[in-house]
Amino acid sequence: MRTQVGIIGAGPAGLLLSRLLALRGIDSVVLENRSREYVEARIRAGILEQHTVDTLTDAGLGDRLRREGLEHRGIHLQHPGTRHTLDFPELCGRTVWVYGQTEVVKDLVAAQLAGGPPLLFEVSDVRPEDVDGDAPRIRFTDADGTPQVLECDVIAGTDGFHGVSRPVVTEAGGRLWERTYPYAWLGILADAAPATDELIYAWHPEGFALYSMRSPSVSRLYLQVDPADSIDNWSDDRIWDGLSRRLDIDGWTVSTGPVTEKSILPMRSFVSAPMRRGRLFLAGDAAHIVPPTGAKGLNLAVADVTLLATALTRLLREGRTDLVDAYSDTALRRVWRCTHFSWWMTSMLHTTGDDFDAELQLSQLRRVCSSEAAARELAENYTGLPIEG
Ligand code: RFL
Ligand code: PHB
């Protein structure tokens, strides 16, 4: 087998890269170690920045998004006794969209299977090889158990945080930065109409809570918990009690309903640089992880592959290396901005058990809720800064 770009991983990064390349006449093959059902059911991100929506729309993937997605003009920031609304169009002229990552992935898979580049599910033993030369290859075993070799011009490592690509880059050198936070999120999906127009990010002495949604009839909610806690300790009643206490405000209640999914997610910041070794390029969670508080992970993955698609097109169509040579540095500038913003939102909203920290957090929240400059800084970062390069 031969292709121009061998893509490891069919998450949003790998699938969108394949699509963007196909639109520019570059062929690719996507290799995924899970099944289609598994990839389409994995519940993760919910918020798309304006540029992510524009990129998906330009790639011909905007129809269902614009029909079923919910455009949001702001967020509510809450601390006990106060629920303050940040109006994004007023502050920075942009909006965000609620459209689940599951739906983005379903749209990308459907487009790929309807005459797009090959997408192979349930492959195993995936190994990028000879990435320092001009003719790298990917060895893998296909779903029937047959060993295969995919000869490529370039390999894209879009295989997420636990993938095989990053270790190949880091064994040649580079640097890692990591911060593990002393809290985790307990996330639920519930068949309940959201009781709020905008997402609510709430600071509370018992810990952070977030009220999000997936549709007019499905809510997605999160509670700050101890990372060592087990989901078995959290009955549905205990979760709803915690949510209603932490989100409490006079004259308003959380709307409850059957919980259809619940899990505990660790939170970390992680950056690996450079995002390239020879002909192997990393994008998305394969190179960096942010805590979900800033809603940046999926959007960063889209920003990476937007840059990478342009850089690879220049390399493969014109033989020019300027953009691939600049890729890692250009992508990392945005990665660090989003890493800072996600860390800042996380630090402002999650209680640590320390009274000094609590006073600093409340002071920062009051500042964002009273100063237009402070609110604009949050709004510009949350809705997404322009893609460089
Ligand atoms: P993914 O989605 O992890 O996809 C990687 C794919 O590679 C496959 N794979 C392999 N395939 C072949 N061979 C191997 N050896 C392989 N190893 C792995 C995997 O099966 C998978 O299909 O990475 P990608 O594409 O970079 O996308 C990144 C996003 O998924 C991630 O950043 C976001 O979900 C983060 N995130 C959020 N981001 C946002 O922008 N907005 C949000 O509101 C938001 N909320 C969240 C989130 C992540 C969460 N979790 C669960 C970590 C909320 C949560 C709860
Ligand atoms: C979500 O809806 O899953 C979501 C929304 C906002 C965040 C994180 C996750 O900051």
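In the block above lies the structure referred to throughout.
So, a few notes on the structure that sits alongside this text. (Residues numbered from 1 in each chain as written. Chains lettered and ligands numbered in written order. Predicted model: local features only at pLDDT ≥ 70, side-chain atom pairs only at ≥ 80, totals over all residues. Heavy atoms only, no water.)

1. Quick word on the nonpolar core
No. 1: Of all hydrophobic cores here, the largest spans 68 residues; its most connected members are Leu16 and Leu48.
No. 2: Top contributing element to this core by residue count: helix H9 (residues 297–318), with eleven residues.
No. 3: The next biggest cluster of nonpolar side chains, apart from the first, holds 36 residues, and it includes Val96, Trp203, Met267 and Ala374. (Core = buried A, V, L, I, M, F, W, Y, C linked by side-chain atoms within 4.5 Å. Buried < 20%, exposed > 50% of the residue type's maximum accessible area, 1.4 Å probe, protein only. Helix = DSSP H or I, 4+ residues; strand = E, 2+ residues; numbered from the N terminus.)

2. Considerations on the pairing of strand S17 (residues 259–273)
Remark: a regular strand shows side chains that alternate across the two faces of the sheet.
No. 1: Note that strand S13 (residues 175–190) and S17 share 13 bridges and pair antiparallel. The residue bridging threonine 180 from the neighbouring strand is arginine 268, located in S17.
No. 2: Pairing of S17 with strand S20 (residues 288–289) involves two bridges; the strand directions are antiparallel. Pairing of phenylalanine 270 across the sheet is with isoleucine 289, part of S20. (Pairing = 2+ DSSP bridges.)

3. So, the site of ligand 1
No. 1: Close to ligand 1 lie 34 residues, the nearest being Glu32, Arg42, Gln101, Asp285 and Leu298.
No. 2: Proline 12 is positioned with one of its backbone polar atoms (N or O) 3.3 Å from an oxygen atom of ligand 1.
No. 3: Asparagine 299 is positioned with one of its side-chain polar atoms (N or O) 3.1 Å from an oxygen atom of ligand 1.
No. 4: With the chains in place, 88% of the 1100 Å² that ligand 1 exposes on its own is no longer accessible. (Near = heavy atom within 4 Å. Polar contact = N/O pair within 3.5 Å; in protein donor to acceptor, adjacent residues only side chain to side chain. Areas by Shrake-Rupley, 256 points an atom, 1.4 Å probe, with all protein chains shown as cover.)

4. Concerning the site of ligand 2
No. 1: Near ligand 2 there are 14 residues, and of these Tyr201, Ser212, Arg214, Tyr222 and Pro292 occur at the shortest range.
No. 2: Arginine 214 has a polar side-chain atom sitting 2.7 Å from an oxygen atom of ligand 2.
No. 3: Tyrosine 222 places a side-chain nitrogen or oxygen 2.6 Å from an oxygen atom of ligand 2.
No. 4: Coverage of ligand 2 by the protein amounts to 97% of the 280 Å² it exposes when considered alone.
No. 5: Those elements that place two or more of their residues in the shell around ligand 2 are strand S14 (199–202), strand S15 (209–215) and strand S16 (218–225).
No. 6: With three residues, S15 is the largest single contributor of residues to the shell around ligand 2.
No. 7: Among the residues making up the shell around ligand 2, the classes are represented as eight nonpolar, three polar and three charged. (Nonpolar A, V, L, I, M, F, W, Y, C, P; charged D, E, K, R; others polar.)

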